[in-house]
Amino acid sequence: MKEKVENILDEIKSFKAQTQDELEQYRMKFISKKSVIGELFGEMKNIPNEEKKAFGMQINTLKEAAQSKFKALIAGLEQSKDSAADNDHEDLTLPSAGNSLGAVHPLTYVRNEIIRIFERIGFNVSDGPEIEDDWHNFTALNFPENHPAREMQDTFFIEKNPDMLLRTHTSNVQTRLMNSGKPPFRSIMPGRVYRNEAISARAHCVFHQVEGIYVDKEVSFVDLKQTLYHFAKEMFGKDTEVRYRPSYFPFTEPSAEIDISCQICKGDGCQLCKYTGWVEIAGSGMVDPNVLSNCNIDPEEYTGFAFGMGIERIAQLKFRVNDLRLYTENDVRFLKQFRTLH
Ligand code: DAH
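What counts as what
- Residues numbered from 1 in each chain as written.
- Predicted model: local features only at pLDDT ≥ 70, side-chain atom pairs only at ≥ 80, totals over all residues.
- Heavy atoms only, no water.
- Helix = DSSP H or I, 4+ residues; strand = E, 2+ residues; numbered from the N terminus.
- Rg over C-alpha atoms; globule rule 2.2 N^0.38 Å.
- Buried < 20%, exposed > 50% of the residue type's maximum accessible area, 1.4 Å probe, protein only.
- Contact = heavy atoms within 4.5 Å.
- Areas by Shrake-Rupley, 256 points an atom, 1.4 Å probe, with all protein chains shown as cover.
- Lys, Arg positive; Asp, Glu negative; His and termini not counted.
- Charge placed at Lys NZ, Arg CZ, Asp CG, Glu CD.
- Polar contact = N/O pair within 3.5 Å; in protein donor to acceptor, adjacent residues only side chain to side chain.
- Salt bridge = Lys/Arg side-chain N within 4 Å of Asp/Glu carboxyl O.
- Pairing = 2+ DSSP bridges.
- Domains from an automatic or database assignment.
- Phe/Tyr/Trp six-rings, centres within 6.5 Å; stacked < 30°, edge-to-face > 60°.
- Lys NZ or Arg CZ within 6 Å of the ring centre and 35° of its normal.
- Core = buried A, V, L, I, M, F, W, Y, C linked by side-chain atoms within 4.5 Å.
- Axes fitted to C-alpha atoms, helices over the stretch in contact; angles between N-to-C directions.
- Parallel < 35°, antiparallel > 145°, perpendicular 65-115°, else oblique.
- Left-handed = near helix turned anticlockwise from the far one by under 90°.
- Nonpolar A, V, L, I, M, F, W, Y, C, P; charged D, E, K, R; others polar.

**Student:** Sorry, what's going on with the overall build of the chain here?
**Tutor:** Tallying secondary structure elements over the chain gives eleven helices and ten strands in all. Against the compact-globule benchmark of 20 Å for 342 residues, the chain has a radius of gyration of 38 Å, which places it well outside the compact range. The C-alpha extent of the chain, read off along each of the three principal axes, is 115 × 50 × 40 Å. Scored against the burial criterion, the 342 residues of the chain give a buried share of 42%. The contacts of the chain with a sequence gap of at least 6 include a subset with a gap of at least 24, amounting to 66%. A total of about 20,000 Å² of accessible surface is found on the chain, and carbon and sulfur atoms cover 50% of it. In the chain, which carries 42 positive and 51 negative side-chain charges, the distance between the mean positions of the two groups comes to 6 Å.

Structure representation (structure tokens):
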């Protein structure tokens, strides 16, 4: 009897069902009332009493094995049906659907381009926090206590802690960098900045800047001029003219704003350049000795220059984007136009 049970178990194990008919054959042979297992249950009455228990356990195990194999056979058949159905739809002669690739965002492109240009002349990239304390964003940068930029209309302060704010410029990374070690520093610092401005075509409460700083022995205004002259030509082309206009920033002395010849009208005068032929691209200057001292750098030993530019502004001039809001609205008609950039 034991042998009989083992033979049936072997048969169950090796059974294969490729079709519905074969599955039915299996069901008849091993699952139905009239199956071989059913017959074994029928033989129970002929088994001597003392062996009944062991025999019963044996055929129960056999029954369970038959049932779980039955389930597996059903699942196997379903699966092959599905893949057969898939194959029915597949026409291998069709041309492929093609992947629709995204495009680099113009601001990402311009940021990377700025990094590439400065990296080639020995600047590295530094990063700093967007949620900043007053000291790194203002005080260390020589902002007088009552400077209007500290006031509520410009700065987003953190309600729970008025000493904390959303940085209003990337110049905070200057102070973090200079505080973190010893000169020389030659770094650019791209990032997001925040100002409490109403959103319009010309202003936004979130935008991007790239800060730059070079501090070492004997860095002069000539280095500043040549570095940004080089940048403007690399970014906008060899024919671009550059001029420096005296200006004021609390953290630089002397300070200069950097203009380039208008990319739209090439100097003839247009709306963008307000008919002057020039457009501003950056603020800059020699790092104020107070800022160096605030960051524990001896201004007698070291000098440096710094600059800051808006990425949206550079992208506007490069790609003639006349509404700042386009950068953040995710309109694919706008974004698609930059498909060729990388
Ligand atoms: N932080 C200035 C701004 O947000 C830009 C700037 C001007 C940065 C002159 C500088 C600089 O480092 O030297 O408008």
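**Student:** Sorry, what's going on with the environment of Thr252 here?
**Tutor:** Position of Thr252 relative to the elements: it lies in strand 8 (residues 252–261). Along the chain, Thr252 and His105 lie 147 residues apart, while their C-alpha atoms are 32 Å from each other. Leaving out residues up to four positions away in the same chain, Thr252 has contacts with Ser284, Gly285, Met286, Val287 and Asp288. Side-chain polar atoms of Thr252 contact the side chain of Ser255, separated by 2.6 Å.

**Student:** Where do I start with the side chain of Ser255 in this structure?
**Tutor:** Looking at where Ser255 falls in the secondary structure, it is placed in strand 8. Of the residues examined, Ser255 reaches a relative accessible area of 7% and is grouped as buried. Discounting chain neighbours no more than four positions away, the residues touching Ser255 are Arg245, Pro246, Ser247, Tyr248, Phe249, Ser284 and Gly285.

**Student:** What should I look at first to understand the pattern of salt bridges in this one?
**Tutor:** Pairs can form between side chains of opposite charge whenever their charged atoms are close. Under the defined criterion, the tally for this structure stands at 15 salt bridges. By sharing partners, the salt bridges in this structure join Arg243, Arg245, Glu257 and Asp259 into a single network.

**Student:** Would you explain the sheet that holds strand 7 (residues 242–249) in this entry?
**Tutor:** For sheets, the rule is that strands pair by backbone hydrogen bonds, running either parallel or antiparallel. Taken together, the seven strands give an open sheet; going across it, the order is 1-5-6-10-9-8-7, and neighbouring strands pair in mixed fashion. Since the sheet does not close on itself, it has two edges, and those belong to strand 1 (124–125) and strand 7, each with one partner. In terms of strand pairing, strand 7 meets strand 8 through seven bridges, oriented antiparallel. By the bridge assignment, Arg243 is partnered in strand 8 with Asp259.

**Student:** What's the story with the domain arrangement of the chain in this structure? I'm lost.
**Tutor:** Accessible area lost upon the coming together of the parts is a frequently used measure of interface size. If you check the domain split of the chain, you get domain 1 (2–84) and domain 2 (106–338). Taking the mean C-alpha position of each, domain 1 and domain 2 sit 79 Å from one another.

**Student:** Explanation requested: the pairing of strand 6 (residues 206–216) in the structure shown.
**Tutor:** On a regular strand, each side chain points to the face opposite its neighbour's, so the side chains alternate between the two faces of the sheet. Counting buried residues along strand 6, eight of its eleven residues qualify, which places the element largely inside the surrounding structure. Pairing of strand 6 with strand 10 (residues 303–310) involves eight bridges; the strand directions are antiparallel. Within strand 10, the position partnered with Val215 by the bridge is Gly304.

**Student:** Sorry, what's going on with helix 10 (residues 311–319) here?
**Tutor:** Given 3.6 residues per helical turn, the α-helix brings residues three or four places apart onto the same face. For helix 10, the set of buried residues is Ile311, Glu312, Ile314, Ala315, Gln316 and Leu317. As for helix 10, its buried residues are in contact with helix 5 (106–120), strand 6, helix 8 (221–236), strand 8, strand 9 (278–287) and strand 10. A positive backbone phi angle near 55° is found at Arg320, which sits one or two residues after helix 10.

**Student:** What am I meant to see in the packing of aromatic side chains here?
**Tutor:** Two aromatic rings are characterised by how far apart their centres lie and by the angle between their planes. Considering all chains together, one arrives at 17 aromatic pairs under this definition. Clustering of aromatic rings is evident, with ring pairs tying together Phe118, Phe123, Tyr214, Phe231, Phe305 and Phe307. The positively charged end of Arg186 is found above the aromatic ring belonging to Tyr214, 4.8 Å away from the centroid.

**Student:** What exactly am I supposed to notice about the nonpolar core here?
**Tutor:** Looking at soluble globular proteins, one finds that nonpolar side chains tend to be buried together. Ranked by size, the top nonpolar core spans 42 residues in total, and within it Ile114, Phe118, Phe231, Ile281 and Met309 carry the most contacts. For this core, the elements supplying multiple residues, two or more each, are helix 5, strand 6, helix 8, strand 8, strand 9, strand 10, helix 10 and helix 11 (332–335). Among the elements that take part in this core, helix 5 stands out by supplying seven residues, more than any other. Excluding anything up to four places from it in sequence, Phe231 contacts Ile114, Ile117, Phe118, Ile281, Met309 and Ile314.

**Student:** Explain the packing of helix 5 against helix 8 to me, please; I cannot follow it from the model alone.
**Tutor:** The geometry of helix 5 relative to helix 8 is characterised by a closest axis approach of 10 Å and an angle of 130° between their N-to-C directions. When the axis of helix 5 is compared with that of helix 8, the two are oblique. Between helix 5 and helix 8 lies a crossing of right-handed hand. Residues Val110, Glu113, Ile114, Ile117, Phe118 and Arg120 of helix 5 touch helix 8, and the partners they reach there are Thr227, Leu228, His230, Phe231, Glu234 and Met235. Per-class residue counts for the contact of helix 5 with helix 8 are seven nonpolar, two polar and three charged.

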